[in-house]
Amino acid sequence: FVPTPSLDLQVSILFAAMPPSENSQMSKASMDIDYTQEKFSHFDQGDYGIDPRDADTPDNWVPRHPSLIRLTGRHPFNVEPPLTLLMEQGLITPPALHFVRDHGCCPKLDWDTHSVAISGLVNNPMELTMPQIAAMESITFACTVTCAGNRRKEQNMTKQTVGFNWGPAGTSCSKWTGVRLCDVLKAAGIKDRKDGAQFVCFEGADKLPNGFYGTSMPLTLAMDPNRDVILAYEQNGLRLTPDHGYPLRMIIPGWIGGRMVKWLTKIIVTEKESDNYYHFFDNRILPPQVDKEIADRDGWWYKPEYLFNELNINSAMSSPAHGEVLPLSTSGPYTLKGWAYSGGGRKVTRVETSLDGGATWDLCELEHLPPSEAGFYWTWCHWSRSVSMQD
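Below or above, wherever it landed, is the structure these notes cover. (Residues numbered from 1 in each chain as written. Predicted model: local features only at pLDDT ≥ 70, side-chain atom pairs only at ≥ 80, totals over all residues. Heavy atoms only, no water.)

1. Considerations on the sheet that holds strand β15 (residues 314-319)
Here is step 1: A sheet is described by the order of its strands in space; here four strands give the open sequence β15-β16-β21-β20, paired in antiparallel fashion. Of all strands in the sheet, those bounded by a partner on one side alone are β15 and β20 (365-368). Here the average twist between neighbouring strands, direction ignored, is 25 degrees.
Here is step 2: Pairing of strand β16 (residues 333-341) with strand β21 (residues 381-388) involves eight bridges; the strand directions are antiparallel. Paired with Ala340 across the strands is Cys381, a residue of β21. (Pairing = 2+ DSSP bridges. Helix = DSSP H or I, 4+ residues; strand = E, 2+ residues; numbered from the N terminus. Axes fitted to C-alpha atoms, helices over the stretch in contact; angles between N-to-C directions.)

2. Quick look at the sheet that holds strand β2 (residues 69-70)
Here is step 1: Ordered by their spatial adjacency, three strands build an open sheet running β2-β3-β4, and the pairing between neighbours is antiparallel. The outermost strands of the open sheet, each flanked by one partner alone, are β2 and β4 (100-101).
Here is step 2: As judged from the two bridges shared by strand β3 (residues 78-80) and β4, these two strands associate in the antiparallel manner. Residue pairing across strands places Asn78 opposite Arg101, the latter belonging to β4.

3. Here we look at unusual backbone geometry
Here is step 1: Along the chain, His75 connects to Pro76 via a cis peptide bond; the corresponding omega equals 0 degrees.
Here is step 2: Within the secondary structure, Pro76 is located in the loop between β2 and β3.
Here is step 3: Going from Tyr246 to Pro247, the amide bond is cis rather than trans, its omega being 5 degrees.
Here is step 4: Among the secondary structure elements, Pro247 is positioned in the loop between β12 (238-239) and β13 (249-251).
Here is step 5: Phi angles above zero are rare outside glycine, and Asp47 is one such case at about 55 degrees.
Here is step 6: With respect to the secondary-structure elements, Asp47 resides in the loop between α1 (24-29) and β2.
Here is step 7: The backbone of Asp228 sits at a positive phi, close to 55 degrees, despite the residue not being glycine.
Here is step 8: Position of Asp228 among the secondary structure elements: in the loop between α6 (219-222) and β11 (230-235).
Here is step 9: Relative accessible area serves as the criterion here: at 8%, Asp228 is assigned to the buried category. (Buried < 20%, exposed > 50% of the residue type's maximum accessible area, 1.4 Å probe, protein only.)

4. Let's talk about the nonpolar core
Here is step 1: Counting 62 residues, the largest nonpolar core has Ile118, Leu181, Phe202, Met217 and Ile267 as its most contacted members.
Here is step 2: Residues in contact with Ile267, not counting those within four places in the same chain, are Val116, Ala117, Ile118, Ser119, Leu181, Leu185, Val200, Cys201, Phe202 and Leu231. (Core = buried A, V, L, I, M, F, W, Y, C linked by side-chain atoms within 4.5 Å. Contact = heavy atoms within 4.5 Å.)

5. Observations regarding the side chain of Arg70
Here is step 1: Position of Arg70 relative to the elements: it lies in strand β2.
Here is step 2: Residue Arg70 is classed as buried on the basis of its relative accessible area of 17%.
Here is step 3: Only 2.9 Å separates the side chain of Arg70 from the side chain of Asp54, close enough to count as a polar contact.
Here is step 4: Engagement of the side chain of Arg70 in a polar contact is seen with the backbone oxygen of Arg74, the distance being 3.1 Å.
Here is step 5: Excluding residues within four positions of it along the chain, Arg70 makes contact with Asp51, Arg53, Asp54, Arg64, Phe77, Asn78 and Val79. (Polar contact = N/O pair within 3.5 Å; in protein donor to acceptor, adjacent residues only side chain to side chain.)

Below you can see the structure in the form of structure tokens.
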């Protein structure tokens, strides 16, 4: 099956901004918070409680779905749902079954005390609280978020990479609510390109061995309101859960999940792209002959042409499932099913499947969510094809 992408391709803010605090990030991430309070009840969307496997980890306060497949042991939490279970949810994925990519433990944050600092090449550096952000004009739209390593297990079976084995369910789709990044930057008095403003850097509260997780994106993309880049605080109509960035994260439609910083604490406008360790050493697509030793020795990690931002086109089959047995004596049709997505807002226009080893191909039916107001397709599609067992 070969999906093909389509080739068609001033706000008023009423608040008093606080100056950014240099020590706010560390203090917010280390707070002792009572998460049994009613205001945190949305964390457990399904009454799953605390998984016993998390009991002696730093995440022993985070409710999680027991069916999620743990890909890197108990901790850190890197999981995907069983593919058939993911597909059964339809085009919109519940937060409890949304894949999770964590580099470390979930920071302990609170909506009532959290804030994000905007600094760098802006005329009005500020620190916005969550109530101030939520008071701004918001938008809600569906967007597929996908790990850059989705389906990497198949890659590793051919040639081992430096990444762990993601299956075909490292992708999910939810409705996200938040404020446009361009509106926040305008409120901070973003400077012109002639003044050096070229990139927007993001940093989260997750303290890791090589510093806080961070990355960046070009300013031109960040300032385009049609690209729907937002600071998100709700997923499917409820405030975010800890594994998905509570209380604030980036959503950059059409890009890999690794650029959508969770637990957002800093936005910095700069002349150059982020110098964060994770910006350079995560999410690169290098030539197959370049292994880690060569990349480290010859500086391949820093070559901009190998940066992985926009999603590549991809597809997977969920029915029949891996290991599923289909008796040839079964009467009636069988429905092949799966998902497909592309990057950059491009629409998947067709999926084809073959029953004879690729000699002939037939079109599948596609189920899409509506495009954005600007005509971008930020979401995956589900495909299906009814076949006769006698074929």
